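# Observations on chain architecture
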Amino acid sequence: MRRLASLVAALCLLVPAAAAQDVPAAPDRERGGGPYDRLILRGATLVDGTGAPPRGPVDIVIEEDRIARIQAVGAPGGPVDEAARPEGASREIDATGLYVLPGFVDMHAHLGGAAQGTPAEYVLKLWMAHGITTARENAAGNGLDWTLRHRERSAANAITAPRLLVYPALGTDRDAPLTTPEAARTWVRRMAEEGADGIKVFQAPPDVLRASLQEAEAQGLRTAMHHAQPGTARYDVLDTATWGLTTGEHFYGYPEALFTDRSLQDFPSDYNYQDEGDRFRYAGHMWQQAAAPGSARWDTVLDSLRALDFTMVPTFGIYEANRDLMRARRAEWHDTYTLPSLWNYYKPSFENHGSYHYFWSSGDEAAWDTHYDRWMQFVNEYKNRGGRVGAGSDSGFIFKLYGFGYVRELELLREAGFSPLEVIRSATLEGAKALGRADRIGSVEVGKQADLLLVDENPLANLKVLYGTQALRFDKDDRALERVGGVDYTIKDGIVFDADTLLRDVAQMVREAKKEAGMAPDADLELTQ
Ligand SMILES: [Zn+2]
């Protein structure tokens, strides 16, 4: 079993054993105003997250941390019905021309780490600046106590942070691997006692895995699984969903359920899973070996997962470098917002997770392009059959930056075939449902927590307006490019954060880190390399 433990360690540097060094904790909150006795957002266009079409102008009343009233105040473009307006504001925001959405839920988030050199403040502010008000920490890679402490401080709004849900990785805080169902059940009960919201699983012997998932359900914990390939010879997503798995991360485990002319993925004879170059290259060949769209097996798998109330969290974005390495490497936000230590972490190495682009080829990108086509079709059809799909970014690896990576995930859901309203619903209410929190968050409805974002362009027309670097638009009168959009405010628990201020804080952290690294504070990140 020692072999298994080292495999798990090689699999992902997120296992808690790797968290020996402490990641700098988030400082006490100095940003954000409120909550207010009566905050009124005036004249907004509301996209409420339920899938309902936009409506406005509306005035939204927030009392302390709750949404108290949503009031229509006239016809769009017409005079405002002043008599209808709620009164008695202790703070007002003129939201004329602004879109109000529920705060986003990042279903697959990692709170940085020692190897990346990313302090908690950096990650948390990038999330908040992009309207992410809830993040599910997948694996608690910085340690269970550290992550739970941040969850509690965020719940008390003592730090600038989304609300956090903590899913420690299977085996967290144990020296030896779990080898029996009883040991797994004991461990799950301990996690429940320590206050975990769920558990994250990569792989385990089938009986241990089944016991873990079933005990989690019995304890009221939810579960997330990245079906790591050393395990999927023995089970696939249909097995784990039947054993009670709540959410399937990424794509692993799905093609395996769709094999009809083979029972195992066909790897080249010199494949070595411990070589991340191999691992990611041939992961891009999985869907091509699976049953075709529209086949009987395709239908059976989709319908079975739907019947089990299963949630897919595809994290399309995190693999995008495999389809287009240049796009991921040269994303326009890196120079201003990527810490030099994180940039170093991304670069090819033997040590760092996801740093495997040793000599990535045109053929590799072509294979991944085909892989994406099938995978996106599968996820889109799942949504069309009533299946739940959440938005998760998995940022911090493979050139994907916190916050920015989440907006890219929304764009890729769009590319998969989701309509803009379906994208927003996945990013909000569907995520809240998968977390078991839809009674409190995930939509803008009276009685819910005041978790919102405001943006001054229509995100349904162009999701790019949600990027912190805004969207490019050619002004035909001035004959010049301008940048438009960007989240204006993120509101969490009724506390109003100015998104630009958060981004400026992050940019300043990056400048200081460059100076410390002996670089010019505004230096680009090796454009020529
Ligand atoms: Zn992850």
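First, a word on what this report is: a plain description of the structure on this page. Residue numbers restart at each chain and count upward from 1, following the sequence in its written direction. It should be noted that, the model being predicted, local features are given only for residues of pLDDT at least 70 and side-chain atom pairs only at 80 or more, the latter also being counted only at that level, while totals for whole chains, interfaces and linings use all residues. Based on all heavy atoms of the structure, the side-chain values leave hydrogens and waters out of the count.

## Some thoughts on the overall build of the chain
For the record, the criterion: The helix count covers DSSP runs of H or I at least four residues long, the strand count covers runs of E at least two residues long, and both are numbered beginning at the N terminus. Throughout, exposure labels follow a simple rule: accessible area from a 1.4 Å probe, protein chains only, divided by the maximum for the residue type, with under 20% read as buried, over 50% as exposed, and the rest as partly exposed. Residues are treated as being in contact if the distance between any of their heavy atoms lies within 4.5 Å. Here the accessible surface of atoms and residues is derived via Shrake-Rupley with a 1.4 Å probe, and residues count as covered only by protein chains that are part of the display. Within this scheme the basic residues Lys and Arg register as positive and the acidic residues Asp and Glu register as negative, but His and the chain ends are omitted. All charge positions are set by atom: Lys at NZ, Arg at CZ, Asp at CG, Glu at CD.
Within the chain, the regular secondary structure consists of 17 helices and 18 strands. Counting only C-alpha atoms and orienting by the principal axes, one finds that the chain spans roughly 70 × 50 × 45 Å. Buried positions account for 60% of the 529 residues belonging to the chain. Put simply, of all contacts in the chain between residues at least 6 apart along the chain, 75% involve residues at least 24 apart. In the structure as shown, the chain presents an accessible area of about 20000 Å², 46% of it carried by carbon and sulfur atoms. For the chain, the centre of its 57 positive side-chain charges and the centre of its 76 negative side-chain charges are spaced 2 Å apart.

## Quick notes on the pattern of salt bridges
Selection rule: A side-chain nitrogen of Lys or Arg and a carboxyl oxygen of Asp or Glu constitute a salt bridge if their distance falls within 4 Å.
Taken as a whole and assessed by the stated rule, the structure comprises 41 salt bridges. The salt bridge involving Asp-493 is made with Arg-163; its shortest N-O contact spans 2.6 Å. With Asp-493 in the loop between strand E17 (487-492) and strand E18 (495-498) and Arg-163 in strand E8 (residues 163-168), this pair connects stretches of sequence that are 330 residues apart. Across this residue pair, the class does not change: Asp-493 and Arg-163 are buried. A salt bridge links Glu-457 to Arg-473, with the nearest nitrogen and oxygen atoms 3.4 Å apart.

## A closer look at empty space enclosed by the protein
Rules: A 1.4 Å probe that fits into a set of points on a 1 Å grid over the protein atoms alone but cannot get out defines a cavity; an open set with protein on both sides within 12 Å along at least five of seven lines defines a pocket, and lining residues are those with an atom within 4 Å of a point. Grid points are joined across faces, edges and corners, and a volume is the space filled by probe spheres set on the points. Lys, Arg, Asp and Glu make up the charged group, whereas Ala, Val, Leu, Ile, Met, Phe, Trp, Tyr, Cys and Pro make up the nonpolar group; the residues left over, Gly among them, are polar.
Scanning all chains against the criterion turns up three cavities of 30 Å³ or more. Taken as a whole, the second largest cavity holds about 70 Å³ of empty space. Lining the second largest cavity are Ala-26, Pro-27, Asp-28, Arg-29, Glu-30, Glu-121, Leu-124, Lys-125 and Thr-160. Of the residues belonging to the lining of the second largest cavity, the class tally is three nonpolar, one polar and five charged.

## Comments concerning helix H3 (residues 144-155)
To be explicit about the condition: Helix span, expected: 1.5 Å multiplied by one less than the number of residues in the helix.
Compared with an ideal rise of 1.5 Å per residue, which puts 12 residues at 16 Å, H3 spans 16 Å between its outermost C-alpha atoms and is within 8% of the ideal. Taken together, the buried positions of H3 are Leu-144, Trp-146, Thr-147, Leu-148, His-150, Arg-151 and Ser-154. Of the surrounding secondary structure, the elements contacted by the buried residues of H3 are helix H2 (120-129), strand E7 (132-139), E8, helix H4 (181-194) and E17. Following H3 by one or two positions, Asn-157 has its phi on the positive side, about 55°.

## A short note on helix H17 (residues 499-516)
It helps to recall that an α-helix has 3.6 residues per turn; residues three or four apart then point in one direction. A rise of 1.5 Å per residue sets the reference length of H17, with its 18 residues, at 26 Å; its end C-alpha atoms lie 26 Å apart and thus fit the reference within 8%. Taken together, the buried positions of H17 are occupied by Ala-499, Thr-501, Leu-502, Leu-503, Asp-505, Val-506, Ala-507, Met-509, Val-510 and Lys-514. For H17, the secondary structure elements touched by its buried residues are H2, helix H12 (334-337), helix H13 (340-346), E17 and E18. Looking one or two residues beyond H17, the residue adopting positive phi is Gly-518, at roughly 80°.

## What about the packing of aromatic side chains?
Heads up, the condition is: Here a pair means two rings of Phe, Tyr or Trp (six-membered ring of Trp) with centres within 6.5 Å. Their orientation is stacked below 30 degrees between planes, edge-to-face above 60, and tilted elsewhere. Either the NZ atom of lysine or the CZ atom of arginine qualifies as a charge over a ring when it sits within 6 Å of the ring centre and within 35 degrees of the ring normal.
Under the defined criterion, the tally for this structure stands at 33 aromatic pairs. With a centroid separation of 5.0 Å and an interplanar angle of 50°, the aromatic rings of Trp-287 and Phe-378 are classed as tilted. Of this pair, Trp-287 sits in the loop between helix H8 (276-283) and helix H9 (296-307) while Phe-378 sits in helix H14 (residues 362-384), and the two are 91 residues apart along the sequence. A residue is classified by how much of its surface remains accessible, and Trp-287, at 0% relative accessible area, is buried. For Phe-378, a relative accessible area of 0% translates into the label buried. Three or more aromatic residues link up through ring pairs in this structure, and these residues are Phe-251, Tyr-252, Phe-280, Phe-316, Tyr-319, Tyr-356, Trp-360, Trp-368, Tyr-372 and Trp-375. When the ring centre of Tyr-167 is taken as origin, the NZ or CZ atom of Arg-136, which lies over that ring, is 4.9 Å away.

## Section: the packing of H9 against H14
Basically, it comes down to this: Structural elements are reduced to axes, namely lines fitted to C-alpha atoms, with helices fitted over the stretch in contact, and the angle between N-to-C directions of any two is expressed from 0 to 180 degrees. Roughly parallel covers angles under 35 degrees, roughly antiparallel covers those over 145, roughly perpendicular covers 65 to 115, and oblique covers all other angles. Left-handed describes a crossing whose near helix is turned anticlockwise from the far helix through less than a right angle; right-handed describes the clockwise counterpart.
Two elements in contact, H9 and H14, have axes separated by 10 Å at closest approach and are oriented at 45°. In terms of axis orientation, H9 runs oblique to H14. Note on packing geometry: the crossing formed by H9 with H14 is right-handed. In this structure, H9 uses Trp-298, Val-301, Leu-302, Leu-305 and Arg-306 to contact H14, whose residues at the interface are Arg-374, Gln-377, Phe-378, Glu-381 and Tyr-382. Per-class residue counts for the contact of H9 with H14 are six nonpolar, one polar and three charged.

## As for the packing of helix H15 (residues 404-416) against helix H16 (residues 420-435)
One can describe the packing of H15 onto H16 by two numbers: an axis separation of 9 Å at closest approach and a directional angle of 135°. By the angle class used here, H15 and H16 are oblique. Crossing hand, H15 versus H16: right-handed. Between H15 and H16, the contacting residues are Tyr-406, Leu-410, Leu-413 and Arg-414 on the first element and Pro-420, Val-423, Ser-426 and Ala-427 on the second.

## What to know about the side chain of His-353
Applicable threshold: N or O atoms closer than or at 3.5 Å make up a polar contact, with two conditions inside protein: a donor-capable atom paired with an acceptor-capable one, and, for residues adjacent in sequence, both atoms drawn from side chains.
Topologically, His-353 is positioned in the loop between H13 and H14. Among the polar contacts made by the side chain of His-353, one reaches the side chain of Glu-276 at a distance of 2.9 Å.

## Topic: the sheet that holds strand E13 (residues 388-389)
Put simply, the rule is: Between any two strands, pairing holds if DSSP finds at least two bridges.
With parallel pairing, the five strands of this open sheet are ordered in space as E9-E10-E11-E12-E13. Edge positions in the sheet fall to strand E9 (198-201) and E13, since each of these pairs with one other strand and no more. Both E9 and strand E10 (residues 222-225) contribute to a ladder of four bridges, which runs parallel. If you follow Gly-198 over to E10, its bridge partner there is Arg-222.

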